[in-house]
Amino acid sequence: MESGDLSYEELKHLRTVSRTVDDILEQSLKNRENLEQTFKRLFPELIKLTGASGIAITSLDEELTVQTWHHGDFGGTFPGTLLEENSWGARKAANGTLVSQALDIVGTKIGAIGLYFAGDQTGADRAGPLRRLVETIAEELDTVLASIQTASEKQQVLVTINHFLSNRVFEVGMDQAVRALCEKVKLPGFMLMYRDAVESGALHYRVYKYGQLEHASNGIRSEKIDDAIRSHGPQLINAQDRKLREVLGSQRAVEAVLISGVGDASALGKIMIWSGSEGFSAYTMDLIRLLASTLSQRLLDYNRERIHLSQFFAGKCIDELLRDPDYERRYLTPRDEEVGILFADINGFTRICETVLERPERIGKFVDDWSEEAVGILHRHNGVFDKMVGDCVIGLFGPPFFKSTAAERTRDAVRAALEIQAFTAEKMSAHPEISRLTEILKLPGLGVAIGVNLAPTFCGLFGPNRQYTGFSTGMNQTARLQSLGAFRETLLMESAKKAIEGVDDPLLRALKYGPLTETPVKNVGNPLRHFKLV
(Lines give C-alpha, C1' and ligand atoms only; values in the text may rest on other atoms or scores of the structure.)
Protein backbone atom coordinates (compact mmCIF):
# COMPACT_ATOMS: atom_id res chain seq x y z
CA MET A 1 0.00 0.00 0.00
CA GLU A 2 1.58 3.29 -1.13
CA SER A 3 0.90 6.18 1.23
CA GLY A 4 1.09 8.60 -1.71
CA ASP A 5 -2.16 7.15 -3.08
CA LEU A 6 -4.06 8.00 0.09
CA SER A 7 -5.69 11.18 1.25
CA TYR A 8 -4.42 12.74 4.46
CA GLU A 9 -7.63 11.84 6.29
CA GLU A 10 -7.48 8.21 5.18
CA LEU A 11 -3.80 7.91 6.07
CA LYS A 12 -4.46 9.45 9.48
CA HIS A 13 -7.31 7.02 10.07
CA LEU A 14 -5.29 4.01 9.03
CA ARG A 15 -2.49 4.98 11.38
CA THR A 16 -4.96 5.37 14.22
CA VAL A 17 -6.32 1.90 13.50
CA SER A 18 -2.80 0.47 13.27
CA ARG A 19 -1.73 2.00 16.59
CA THR A 20 -4.92 0.84 18.29
CA VAL A 21 -4.44 -2.75 17.12
CA ASP A 22 -0.76 -2.68 18.08
CA ASP A 23 -1.48 -1.27 21.56
CA ILE A 24 -4.22 -3.81 22.28
CA LEU A 25 -2.07 -6.74 21.07
CA GLU A 26 0.85 -5.54 23.16
CA GLN A 27 -1.31 -5.24 26.25
CA SER A 28 -2.75 -8.71 25.67
CA LEU A 29 0.74 -10.15 25.38
CA LYS A 30 1.77 -8.48 28.63
CA ASN A 31 -1.31 -9.92 30.33
CA ARG A 32 -0.56 -13.35 28.80
CA GLU A 33 -4.06 -13.50 27.36
CA ASN A 34 -5.11 -16.21 24.95
CA LEU A 35 -6.60 -15.48 21.52
CA GLU A 36 -10.17 -15.60 22.80
CA GLN A 37 -9.40 -12.94 25.41
CA THR A 38 -7.35 -10.87 22.97
CA PHE A 39 -10.11 -10.71 20.36
CA LYS A 40 -12.74 -9.89 22.97
CA ARG A 41 -10.63 -6.86 23.80
CA LEU A 42 -9.80 -5.98 20.18
CA PHE A 43 -13.02 -6.50 18.20
CA PRO A 44 -15.28 -3.89 19.89
CA GLU A 45 -12.61 -1.21 19.39
CA LEU A 46 -12.22 -2.08 15.72
CA ILE A 47 -15.96 -1.92 15.13
CA LYS A 48 -15.98 1.57 16.64
CA LEU A 49 -13.03 2.69 14.49
CA THR A 50 -14.14 1.12 11.20
CA GLY A 51 -17.91 1.51 11.27
CA ALA A 52 -18.30 -2.19 10.53
CA SER A 53 -21.27 -4.05 11.92
CA GLY A 54 -19.28 -7.26 12.35
CA ILE A 55 -15.71 -8.53 12.38
CA ALA A 56 -14.39 -12.11 12.18
CA ILE A 57 -11.07 -13.91 12.08
CA THR A 58 -10.53 -17.56 11.16
CA SER A 59 -7.20 -19.09 12.18
CA LEU A 60 -5.66 -21.83 14.31
CA ASP A 61 -6.07 -21.53 18.05
CA GLU A 62 -3.51 -22.49 20.68
CA GLU A 63 -4.48 -26.14 20.26
CA LEU A 64 -3.86 -25.85 16.49
CA THR A 65 -7.57 -26.27 15.83
CA VAL A 66 -9.32 -24.12 13.20
CA GLN A 67 -11.43 -21.56 15.02
CA THR A 68 -13.51 -18.56 13.99
CA TRP A 69 -13.69 -15.64 16.42
CA HIS A 70 -16.34 -13.01 15.64
CA HIS A 71 -18.16 -10.06 17.07
CA GLY A 72 -21.19 -8.12 15.85
CA ASP A 73 -23.76 -8.77 13.13
CA PHE A 74 -23.15 -10.56 9.81
CA GLY A 75 -26.65 -10.32 8.40
CA GLY A 76 -27.71 -13.59 9.99
CA THR A 77 -24.93 -15.64 8.35
CA PHE A 78 -22.18 -17.43 10.26
CA PRO A 79 -18.99 -15.48 9.44
CA GLY A 80 -16.83 -18.59 9.32
CA THR A 81 -18.86 -19.79 6.34
CA LEU A 82 -18.29 -16.47 4.54
CA LEU A 83 -14.53 -16.59 5.14
CA GLU A 84 -14.30 -20.17 3.87
CA GLU A 85 -15.10 -18.97 0.36
CA ASN A 86 -11.60 -17.46 -0.03
CA SER A 87 -12.94 -14.72 -2.30
CA TRP A 88 -10.86 -11.83 -1.03
CA GLY A 89 -11.77 -8.17 -1.46
CA ALA A 90 -15.17 -6.48 -1.22
CA ARG A 91 -18.19 -8.57 -2.18
CA LYS A 92 -21.90 -8.64 -1.47
CA ALA A 93 -22.88 -11.02 1.31
CA ALA A 94 -26.37 -11.45 2.80
CA ASN A 95 -27.76 -7.90 3.02
CA GLY A 96 -24.40 -6.18 3.24
CA THR A 97 -20.79 -6.26 2.12
CA LEU A 98 -17.97 -8.48 3.33
CA VAL A 99 -14.47 -7.07 2.96
CA SER A 100 -11.94 -9.85 3.55
CA GLN A 101 -8.41 -11.03 2.87
CA ALA A 102 -6.04 -13.84 3.84
CA LEU A 103 -3.73 -13.61 6.81
CA ASP A 104 -0.31 -14.88 5.78
CA ILE A 105 3.40 -14.84 6.53
CA VAL A 106 5.76 -14.94 3.54
CA GLY A 107 3.06 -16.42 1.35
CA THR A 108 1.96 -19.05 3.85
CA LYS A 109 -1.69 -18.64 4.75
CA ILE A 110 -2.38 -18.71 8.46
CA GLY A 111 -6.02 -17.61 8.40
CA ALA A 112 -8.44 -14.99 7.12
CA ILE A 113 -10.03 -11.75 8.35
CA GLY A 114 -13.33 -10.17 7.32
CA LEU A 115 -15.25 -7.00 8.20
CA TYR A 116 -18.97 -6.88 7.46
CA PHE A 117 -20.63 -3.57 6.53
CA ALA A 118 -24.30 -2.80 6.10
CA GLY A 119 -25.46 -2.02 2.58
CA ASP A 120 -23.63 -2.21 -0.72
CA GLN A 121 -20.02 -1.07 -0.28
CA THR A 122 -18.64 -2.60 -3.48
CA GLY A 123 -18.43 0.64 -5.42
CA ALA A 124 -14.94 1.84 -6.32
CA ASP A 125 -15.13 4.85 -3.99
CA ARG A 126 -15.85 2.61 -0.97
CA ALA A 127 -14.26 -0.76 -1.78
CA GLY A 128 -10.71 0.58 -2.13
CA PRO A 129 -10.54 2.34 1.27
CA LEU A 130 -12.24 -0.61 2.99
CA ARG A 131 -9.76 -3.08 1.49
CA ARG A 132 -6.88 -0.90 2.71
CA LEU A 133 -8.48 -0.73 6.14
CA VAL A 134 -8.67 -4.55 6.36
CA GLU A 135 -5.12 -4.82 5.02
CA THR A 136 -3.85 -2.49 7.77
CA ILE A 137 -5.49 -4.59 10.47
CA ALA A 138 -4.20 -7.80 8.88
CA GLU A 139 -0.61 -6.55 8.82
CA GLU A 140 -0.72 -6.08 12.58
CA LEU A 141 -2.28 -9.50 13.17
CA ASP A 142 -0.14 -11.60 10.81
CA THR A 143 3.00 -11.77 12.94
CA VAL A 144 1.16 -12.26 16.23
CA LEU A 145 -0.96 -15.12 14.91
CA ALA A 146 2.03 -16.71 13.22
CA SER A 147 4.09 -16.59 16.41
CA ILE A 148 1.26 -18.14 18.41
CA GLN A 149 0.80 -20.86 15.82
CA THR A 150 4.53 -21.53 15.70
CA ALA A 151 4.72 -21.82 19.48
CA SER A 152 1.66 -24.07 19.53
CA GLU A 153 3.06 -26.20 16.73
CA LYS A 154 6.32 -26.63 18.63
CA GLN A 155 4.35 -27.66 21.68
CA GLN A 156 2.35 -30.15 19.66
CA VAL A 157 5.55 -31.58 18.19
CA LEU A 158 6.95 -31.89 21.71
CA VAL A 159 3.80 -33.71 22.84
CA THR A 160 4.13 -36.07 19.88
CA ILE A 161 7.83 -36.65 20.57
CA ASN A 162 7.09 -37.27 24.25
CA HIS A 163 4.42 -39.76 23.28
CA PHE A 164 6.74 -41.69 20.99
CA LEU A 165 9.70 -41.63 23.37
CA SER A 166 7.49 -43.03 26.13
CA ASN A 167 7.46 -46.30 24.16
CA ARG A 168 8.85 -49.02 26.42
CA VAL A 169 11.10 -50.08 23.53
CA PHE A 170 13.59 -47.20 23.41
CA GLU A 171 14.81 -47.78 19.85
CA VAL A 172 11.27 -47.96 18.44
CA GLY A 173 10.27 -44.77 20.25
CA MET A 174 13.42 -43.01 19.05
CA ASP A 175 12.74 -43.96 15.43
CA GLN A 176 9.16 -42.71 15.68
CA ALA A 177 10.24 -39.43 17.32
CA VAL A 178 12.78 -38.68 14.58
CA ARG A 179 10.22 -39.43 11.87
CA ALA A 180 7.75 -37.07 13.57
CA LEU A 181 10.41 -34.37 13.72
CA CYS A 182 11.26 -34.82 10.03
CA GLU A 183 7.61 -34.38 9.10
CA LYS A 184 7.95 -30.80 10.35
CA VAL A 185 11.47 -29.93 9.21
CA LYS A 186 13.87 -31.31 6.64
CA LEU A 187 16.78 -33.11 8.28
CA PRO A 188 19.07 -34.74 5.70
CA GLY A 189 21.13 -36.34 8.46
CA PHE A 190 20.55 -37.03 12.14
CA MET A 191 22.54 -39.14 14.57
CA LEU A 192 22.18 -40.08 18.21
CA MET A 193 25.18 -41.62 19.96
CA TYR A 194 24.84 -42.65 23.59
CA ARG A 195 26.63 -44.55 26.32
CA ASP A 196 25.80 -48.07 27.39
CA ALA A 197 24.59 -47.78 30.97
CA VAL A 198 25.85 -51.25 31.84
CA GLU A 199 28.96 -51.96 29.76
CA SER A 200 31.56 -49.36 30.66
CA GLY A 201 32.99 -47.53 27.66
CA ALA A 202 30.55 -48.98 25.12
CA LEU A 203 28.66 -46.65 22.77
CA HIS A 204 25.48 -47.18 20.77
CA TYR A 205 24.30 -45.16 17.79
CA ARG A 206 21.38 -44.63 15.44
CA VAL A 207 21.79 -42.72 12.17
CA TYR A 208 18.88 -41.39 10.12
CA LYS A 209 18.59 -40.03 6.58
CA TYR A 210 15.55 -37.79 6.11
CA GLY A 211 13.94 -39.48 9.11
CA GLN A 212 14.55 -43.07 8.00
CA LEU A 213 16.90 -45.28 9.98
CA GLU A 214 20.05 -45.90 7.94
CA HIS A 215 22.60 -47.33 10.41
CA ALA A 216 22.39 -48.63 13.97
CA SER A 217 24.76 -50.33 16.37
CA ASN A 218 22.20 -53.13 16.78
CA GLY A 219 21.25 -53.29 13.09
CA ILE A 220 22.97 -52.31 9.84
CA ARG A 221 26.24 -51.00 11.21
CA SER A 222 28.34 -48.15 9.84
CA GLU A 223 31.96 -49.19 9.32
CA LYS A 224 33.18 -45.60 9.66
CA ILE A 225 31.34 -45.02 12.94
CA ASP A 226 32.46 -48.40 14.31
CA ASP A 227 36.08 -47.52 13.47
CA ALA A 228 35.71 -44.17 15.23
CA ILE A 229 34.28 -45.85 18.34
CA ARG A 230 37.13 -48.35 18.42
CA SER A 231 39.69 -45.57 18.02
CA HIS A 232 38.25 -42.91 20.32
CA GLY A 233 35.60 -44.53 22.54
CA PRO A 234 33.50 -42.33 24.85
CA GLN A 235 35.58 -39.29 23.90
CA LEU A 236 33.35 -39.03 20.81
CA ILE A 237 30.41 -37.73 22.85
CA ASN A 238 32.37 -35.04 24.66
CA ALA A 239 30.94 -31.57 24.17
CA GLN A 240 33.68 -30.09 22.01
CA ASP A 241 35.02 -33.20 20.31
CA ARG A 242 34.90 -32.79 16.51
CA LYS A 243 35.73 -36.33 15.45
CA LEU A 244 32.09 -37.20 14.79
CA ARG A 245 31.88 -34.32 12.32
CA GLU A 246 34.89 -35.73 10.52
CA VAL A 247 33.27 -39.16 10.42
CA LEU A 248 30.06 -37.69 9.01
CA GLY A 249 32.06 -35.98 6.28
CA SER A 250 30.07 -32.75 6.31
CA GLN A 251 31.37 -29.33 7.23
CA ARG A 252 27.80 -28.23 7.94
CA ALA A 253 27.34 -30.89 10.56
CA VAL A 254 26.77 -29.35 13.98
CA GLU A 255 26.56 -30.61 17.52
CA ALA A 256 22.98 -29.80 18.37
CA VAL A 257 22.91 -30.89 21.99
CA LEU A 258 25.13 -32.43 24.61
CA ILE A 259 22.95 -34.78 26.61
CA SER A 260 24.10 -34.86 30.21
CA GLY A 261 22.77 -36.23 33.45
CA VAL A 262 21.24 -33.89 36.01
CA GLY A 263 23.98 -32.82 38.39
CA ASP A 264 26.47 -34.99 36.52
CA ALA A 265 29.18 -33.58 34.31
CA SER A 266 29.57 -36.81 32.34
CA ALA A 267 27.77 -37.02 29.01
CA LEU A 268 24.95 -39.45 28.38
CA GLY A 269 25.22 -38.98 24.65
CA LYS A 270 25.24 -36.54 21.78
CA ILE A 271 22.93 -35.51 18.95
CA MET A 272 24.50 -34.51 15.64
CA ILE A 273 22.64 -33.11 12.65
CA TRP A 274 23.88 -32.19 9.21
CA SER A 275 22.31 -30.52 6.21
CA GLY A 276 24.77 -30.32 3.32
CA SER A 277 25.00 -26.69 2.24
CA GLU A 278 21.56 -25.57 3.42
CA GLY A 279 22.13 -24.88 7.11
CA PHE A 280 19.39 -24.84 9.74
CA SER A 281 16.57 -22.44 10.48
CA ALA A 282 15.91 -21.12 13.97
CA TYR A 283 12.64 -23.09 13.93
CA THR A 284 14.52 -26.31 13.16
CA MET A 285 17.04 -25.70 15.92
CA ASP A 286 14.24 -25.01 18.39
CA LEU A 287 12.64 -28.35 17.55
CA ILE A 288 16.01 -30.11 17.87
CA ARG A 289 16.43 -28.61 21.34
CA LEU A 290 12.93 -29.76 22.30
CA LEU A 291 13.77 -33.28 21.17
CA ALA A 292 17.08 -33.19 23.00
CA SER A 293 15.50 -32.05 26.26
CA THR A 294 12.95 -34.85 26.15
CA LEU A 295 15.50 -37.39 24.97
CA SER A 296 17.84 -36.56 27.85
CA GLN A 297 15.20 -37.57 30.39
CA ARG A 298 14.22 -40.63 28.36
CA LEU A 299 17.85 -41.78 28.27
CA LEU A 300 18.10 -41.35 32.02
CA ASP A 301 14.97 -43.47 32.51
CA TYR A 302 16.19 -46.04 29.97
CA ASN A 303 19.55 -46.27 31.70
CA ARG A 304 17.93 -46.74 35.10
CA GLU A 305 15.90 -49.60 33.66
CA ARG A 306 19.00 -51.22 32.13
CA ILE A 307 20.99 -50.77 35.33
CA HIS A 308 18.22 -52.40 37.38
CA LEU A 309 18.04 -55.37 35.00
CA SER A 310 21.84 -55.65 34.90
CA GLN A 311 21.78 -56.72 38.55
CA PHE A 312 20.55 -60.09 37.29
CA PHE A 313 20.84 -60.45 33.51
CA ALA A 314 23.58 -60.32 30.90
CA GLY A 315 23.67 -57.48 28.37
CA LYS A 316 22.26 -59.55 25.48
CA CYS A 317 19.46 -60.77 27.69
CA ILE A 318 18.63 -57.17 28.68
CA ASP A 319 18.57 -56.14 25.02
CA GLU A 320 16.10 -58.92 24.24
CA LEU A 321 13.92 -58.05 27.22
CA LEU A 322 13.77 -54.36 26.32
CA ARG A 323 12.72 -55.12 22.77
CA ASP A 324 9.40 -56.30 24.21
CA PRO A 325 7.24 -53.50 25.67
CA ASP A 326 5.44 -56.07 27.83
CA TYR A 327 8.58 -57.87 29.03
CA GLU A 328 7.83 -57.61 32.76
CA ARG A 329 4.50 -59.43 32.47
CA ARG A 330 5.69 -61.95 29.88
CA TYR A 331 9.07 -62.89 31.33
CA LEU A 332 9.57 -61.52 34.84
CA THR A 333 6.25 -62.30 36.49
CA PRO A 334 6.89 -65.17 38.95
CA ARG A 335 6.38 -68.59 37.40
CA ASP A 336 7.07 -72.21 38.33
CA GLU A 337 9.68 -73.80 36.03
CA GLU A 338 12.39 -76.44 36.18
CA VAL A 339 15.60 -74.45 36.70
CA GLY A 340 19.32 -75.16 36.80
CA ILE A 341 20.72 -73.93 40.13
CA LEU A 342 24.32 -73.17 41.09
CA PHE A 343 25.75 -72.18 44.49
CA ALA A 344 29.48 -71.30 44.56
CA ASP A 345 31.21 -70.46 47.84
CA ILE A 346 34.89 -69.69 48.51
CA ASN A 347 36.50 -72.43 50.60
CA GLY A 348 37.47 -71.32 54.10
CA PHE A 349 36.59 -67.73 53.48
CA THR A 350 36.09 -66.84 57.15
CA ARG A 351 39.55 -68.16 57.98
CA ILE A 352 41.05 -66.33 54.96
CA CYS A 353 39.48 -63.08 56.15
CA GLU A 354 40.82 -63.48 59.67
CA THR A 355 44.35 -64.57 58.82
CA VAL A 356 45.13 -63.20 55.35
CA LEU A 357 42.84 -60.31 54.32
CA GLU A 358 42.35 -59.02 57.87
CA ARG A 359 41.05 -55.49 57.13
CA PRO A 360 37.41 -54.89 56.01
CA GLU A 361 38.42 -52.84 52.95
CA ARG A 362 40.74 -55.62 51.75
CA ILE A 363 37.98 -58.19 52.25
CA GLY A 364 35.51 -56.05 50.31
CA LYS A 365 37.94 -55.47 47.43
CA PHE A 366 38.72 -59.18 47.19
CA VAL A 367 35.06 -60.21 47.17
CA ASP A 368 34.33 -57.61 44.51
CA ASP A 369 37.14 -58.89 42.28
CA TRP A 370 36.09 -62.53 42.61
CA SER A 371 32.33 -62.05 42.36
CA GLU A 372 32.55 -59.74 39.34
CA GLU A 373 34.21 -62.47 37.28
CA ALA A 374 32.03 -65.22 38.78
CA VAL A 375 28.88 -63.33 37.74
CA GLY A 376 30.39 -62.72 34.31
CA ILE A 377 30.87 -66.47 33.96
CA LEU A 378 27.23 -67.08 34.90
CA HIS A 379 26.16 -64.62 32.20
CA ARG A 380 28.42 -66.13 29.56
CA HIS A 381 26.73 -69.48 30.16
CA ASN A 382 23.17 -68.11 29.88
CA GLY A 383 22.79 -67.84 33.63
CA VAL A 384 20.99 -65.29 35.77
CA PHE A 385 22.68 -63.85 38.86
CA ASP A 386 20.24 -64.41 41.70
CA LYS A 387 22.11 -62.90 44.62
CA MET A 388 25.20 -63.03 46.76
CA VAL A 389 25.02 -64.31 50.32
CA GLY A 390 28.29 -63.44 51.99
CA ASP A 391 30.90 -64.84 49.61
CA CYS A 392 28.48 -67.29 47.98
CA VAL A 393 27.31 -66.56 44.41
CA ILE A 394 23.94 -68.01 43.37
CA GLY A 395 23.02 -68.53 39.74
CA LEU A 396 19.85 -69.69 37.95
CA PHE A 397 19.76 -71.26 34.48
CA GLY A 398 16.65 -71.14 32.32
CA PRO A 399 15.23 -67.71 33.26
CA PRO A 400 13.99 -65.37 32.08
CA PHE A 401 12.87 -66.77 28.69
CA PHE A 402 12.86 -70.51 29.49
CA LYS A 403 13.56 -71.37 25.85
CA SER A 404 16.11 -74.07 26.69
CA THR A 405 15.44 -77.66 27.74
CA ALA A 406 16.11 -78.99 31.23
CA ALA A 407 19.22 -80.75 29.88
CA GLU A 408 20.54 -77.51 28.33
CA ARG A 409 19.94 -75.59 31.56
CA THR A 410 21.87 -78.18 33.54
CA ARG A 411 24.64 -78.25 30.93
CA ASP A 412 25.03 -74.47 31.23
CA ALA A 413 25.14 -74.69 35.03
CA VAL A 414 27.84 -77.40 34.97
CA ARG A 415 29.91 -75.52 32.39
CA ALA A 416 29.69 -72.38 34.52
CA ALA A 417 30.75 -74.39 37.59
CA LEU A 418 33.81 -75.75 35.78
CA GLU A 419 34.84 -72.27 34.63
CA ILE A 420 34.36 -70.74 38.09
CA GLN A 421 36.52 -73.51 39.55
CA ALA A 422 39.26 -72.90 36.97
CA PHE A 423 39.15 -69.11 37.31
CA THR A 424 39.31 -69.27 41.10
CA ALA A 425 42.14 -71.80 41.18
CA GLU A 426 44.26 -70.22 38.46
CA LYS A 427 43.66 -66.47 38.45
CA MET A 428 42.34 -65.67 41.91
CA SER A 429 45.08 -67.71 43.55
CA ALA A 430 47.49 -65.19 42.05
CA HIS A 431 45.53 -62.26 43.47
CA PRO A 432 47.81 -59.89 45.46
CA GLU A 433 45.74 -60.37 48.60
CA ILE A 434 46.10 -64.19 48.41
CA SER A 435 49.89 -64.30 47.97
CA ARG A 436 50.33 -65.37 51.63
CA LEU A 437 47.62 -68.03 51.50
CA THR A 438 49.89 -70.98 50.74
CA GLU A 439 52.36 -70.02 53.44
CA ILE A 440 49.86 -69.29 56.23
CA LEU A 441 47.07 -71.82 55.56
CA LYS A 442 49.16 -74.46 53.83
CA LEU A 443 46.77 -74.48 50.84
CA PRO A 444 47.71 -74.62 47.13
CA GLY A 445 45.91 -71.34 46.45
CA LEU A 446 42.22 -70.45 46.48
CA GLY A 447 39.30 -72.80 45.94
CA VAL A 448 35.52 -72.92 45.79
CA ALA A 449 32.89 -75.47 46.73
CA ILE A 450 30.04 -75.64 44.22
CA GLY A 451 26.65 -77.31 44.28
CA VAL A 452 24.62 -77.84 41.08
CA ASN A 453 20.98 -78.89 40.97
CA LEU A 454 17.98 -79.12 38.63
CA ALA A 455 14.69 -78.52 40.39
CA PRO A 456 11.26 -76.89 40.01
CA THR A 457 11.60 -73.31 41.22
CA PHE A 458 9.26 -70.32 41.49
CA CYS A 459 11.24 -67.57 39.70
CA GLY A 460 10.54 -63.90 39.04
CA LEU A 461 10.68 -60.38 40.45
CA PHE A 462 9.91 -60.25 44.16
CA GLY A 463 9.86 -57.71 46.96
CA PRO A 464 9.77 -53.90 47.13
CA ASN A 465 13.08 -53.65 45.26
CA ARG A 466 11.87 -55.97 42.48
CA GLN A 467 14.74 -58.43 42.78
CA TYR A 468 14.86 -61.41 40.44
CA THR A 469 15.19 -64.56 42.53
CA GLY A 470 13.87 -68.08 42.99
CA PHE A 471 12.14 -69.96 45.80
CA SER A 472 11.93 -73.73 46.09
CA THR A 473 12.93 -76.77 48.05
CA GLY A 474 15.51 -77.24 45.32
CA MET A 475 17.16 -73.93 46.21
CA ASN A 476 17.43 -75.04 49.84
CA GLN A 477 18.82 -78.42 48.79
CA THR A 478 21.46 -76.78 46.58
CA ALA A 479 22.58 -74.55 49.43
CA ARG A 480 22.98 -77.61 51.67
CA LEU A 481 24.73 -79.50 48.86
CA GLN A 482 27.25 -76.72 48.35
CA SER A 483 28.01 -76.66 52.08
CA LEU A 484 29.06 -80.35 51.80
CA GLY A 485 31.69 -79.53 49.17
CA ALA A 486 35.34 -79.79 50.19
CA PHE A 487 38.27 -77.79 48.75
CA ARG A 488 37.70 -77.22 44.97
CA GLU A 489 34.84 -79.73 44.84
CA THR A 490 31.79 -79.58 42.58
CA LEU A 491 28.80 -81.68 43.66
CA LEU A 492 25.82 -82.50 41.42
CA MET A 493 22.41 -83.56 42.64
CA GLU A 494 21.20 -86.81 41.10
CA SER A 495 18.57 -84.93 39.03
CA ALA A 496 21.28 -82.75 37.49
CA LYS A 497 23.52 -85.68 36.56
CA LYS A 498 20.62 -87.55 34.97
CA ALA A 499 19.63 -84.47 32.94
CA ILE A 500 23.01 -84.20 31.19
CA GLU A 501 23.70 -87.89 30.64
CA GLY A 502 22.45 -87.75 27.06
CA VAL A 503 23.72 -84.27 26.16
CA ASP A 504 25.94 -84.23 23.07
CA ASP A 505 28.73 -82.12 24.57
CA PRO A 506 32.34 -83.36 24.44
CA LEU A 507 33.27 -81.53 27.64
CA LEU A 508 30.40 -83.07 29.61
CA ARG A 509 30.95 -86.54 28.15
CA ALA A 510 34.54 -86.39 29.39
CA LEU A 511 33.51 -85.72 32.98
CA LYS A 512 34.12 -88.38 35.63
CA TYR A 513 31.94 -88.84 38.70
CA GLY A 514 32.33 -90.43 42.05
CA PRO A 515 29.72 -92.89 43.34
CA LEU A 516 26.18 -91.89 44.20
CA THR A 517 26.22 -90.60 47.76
CA GLU A 518 23.33 -90.09 50.17
CA THR A 519 23.90 -87.47 52.84
CA PRO A 520 21.38 -86.43 55.51
CA VAL A 521 21.44 -82.65 56.08
CA LYS A 522 19.78 -80.31 58.53
CA ASN A 523 16.26 -79.03 57.72
CA VAL A 524 15.91 -81.31 54.66
CA GLY A 525 13.58 -84.28 55.06
CA ASN A 526 15.27 -86.78 52.75
CA PRO A 527 19.03 -87.35 52.39
CA LEU A 528 20.67 -85.54 49.47
CA ARG A 529 21.47 -87.91 46.61
CA HIS A 530 24.48 -86.48 44.80
CA PHE A 531 27.66 -87.14 42.81
CA LYS A 532 31.09 -85.56 43.02
CA LEU A 533 32.94 -84.45 39.89
CA VAL A 534 36.41 -85.98 39.90
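Here, the structure is the one placed above.
Residues numbered from 1 in each chain as written. Predicted model: local features only at pLDDT ≥ 70, side-chain atom pairs only at ≥ 80, totals over all residues. Heavy atoms only, no water.

Asks: So what exactly am I meant to see when it comes to the nonpolar core here?
Replies: Soluble globular proteins tend to bury their nonpolar side chains together. Grouped together as the largest cluster of nonpolar side chains are 52 residues, with contacts concentrated most on F190, F313, L321, L332 and Y468. Judged by nonpolar contacts, the second largest core, of 37 residues, contains L342, F349, I352 and L508. (Core = buried A, V, L, I, M, F, W, Y, C linked by side-chain atoms within 4.5 Å. Buried < 20%, exposed > 50% of the residue type's maximum accessible area, 1.4 Å probe, protein only.)

Asks: Even after reading the chapter, I still don't get the packing of aromatic side chains, so can you show me in this structure?
Replies: Aromatic rings considered in pairs are described by the distance between their centres and by the relative angle of their planes. A full pass over the atoms with the stated rule returns 12 aromatic pairs. Centroid distance F312 to F313: 5.8 Å. Interplanar angle 70°. Geometry classified as edge-to-face. Comparing F312 with F313 shows no difference in burial state: the two are buried. Note on F462 and F471: the rings are 5.0 Å apart at their centroids and 85° apart in plane angle, and the pair reads as edge-to-face. Since its relative accessible area comes to 47%, F471 is described here as partly exposed. Taken together, the aromatic side chains of F39, F43 and W69 make up a single cluster linked through ring pairs. The side chain of K497 reaches across the aromatic face of Y513, ending 4.9 Å from its centre. Note that K497 overlies the ring of F531, its terminal NZ or CZ placed 4.8 Å from the centroid. (Phe/Tyr/Trp six-rings, centres within 6.5 Å; stacked < 30°, edge-to-face > 60°. Lys NZ or Arg CZ within 6 Å of the ring centre and 35° of its normal.)

Asks: Would you explain the environment of L60 in this entry?
Replies: Examined against the element boundaries, L60 turns out to sit in strand β1 (residues 54–60). On the basis of relative accessible area, L60 is assigned to the partly exposed category, the value being 25%. Spatially, the C-alpha atom of L60 lies 6.7 Å from that of Q149, the residues being 89 residues apart in sequence. For L60, the residues in contact, after removing those within four places along its chain, are L35, T65, V66, W69, I110 and Q149. (Helix = DSSP H or I, 4+ residues; strand = E, 2+ residues; numbered from the N terminus. Contact = heavy atoms within 4.5 Å.)

Asks: What is the right way to read the layout of surface pockets from this model?
Replies: Over the atoms a probe the size of a water molecule is rolled, and this reveals where empty space is left. Of the voids in this model, the largest pocket is the one considered here, and its volume is about 690 Å³. Around the largest pocket, the lining comprises 27 residues; the ones closest to its centre are V198, E199, A314, G315 and K316. Elements that contribute at least two residues to the lining of the largest pocket include exactly β7 (203–209), α6 (223–232), α9 (315–322), α12 (360–380) and β12 (383–389). Estimated volume of the second largest pocket: approximately 380 Å³. Around the second largest pocket, the lining is made up of 20 residues, and of these C317, N382, G383, P399 and F401 lie nearest the centre. Breaking the lining of the second largest pocket down by element, the ones donating at least two residues are α9, α12, β12 and α13 (406–426). For the lining of the second largest pocket, the class distribution of residues is 8 nonpolar, 5 polar and 7 charged. (1 Å grid on protein atoms, 1.4 Å probe; cavity = no way out; pocket = protein on both sides within 12 Å on 5 of 7 lines; lining within 4 Å. Points joined across faces, edges and corners; volume = space filled by probe spheres on them. Nonpolar A, V, L, I, M, F, W, Y, C, P; charged D, E, K, R; others polar.)

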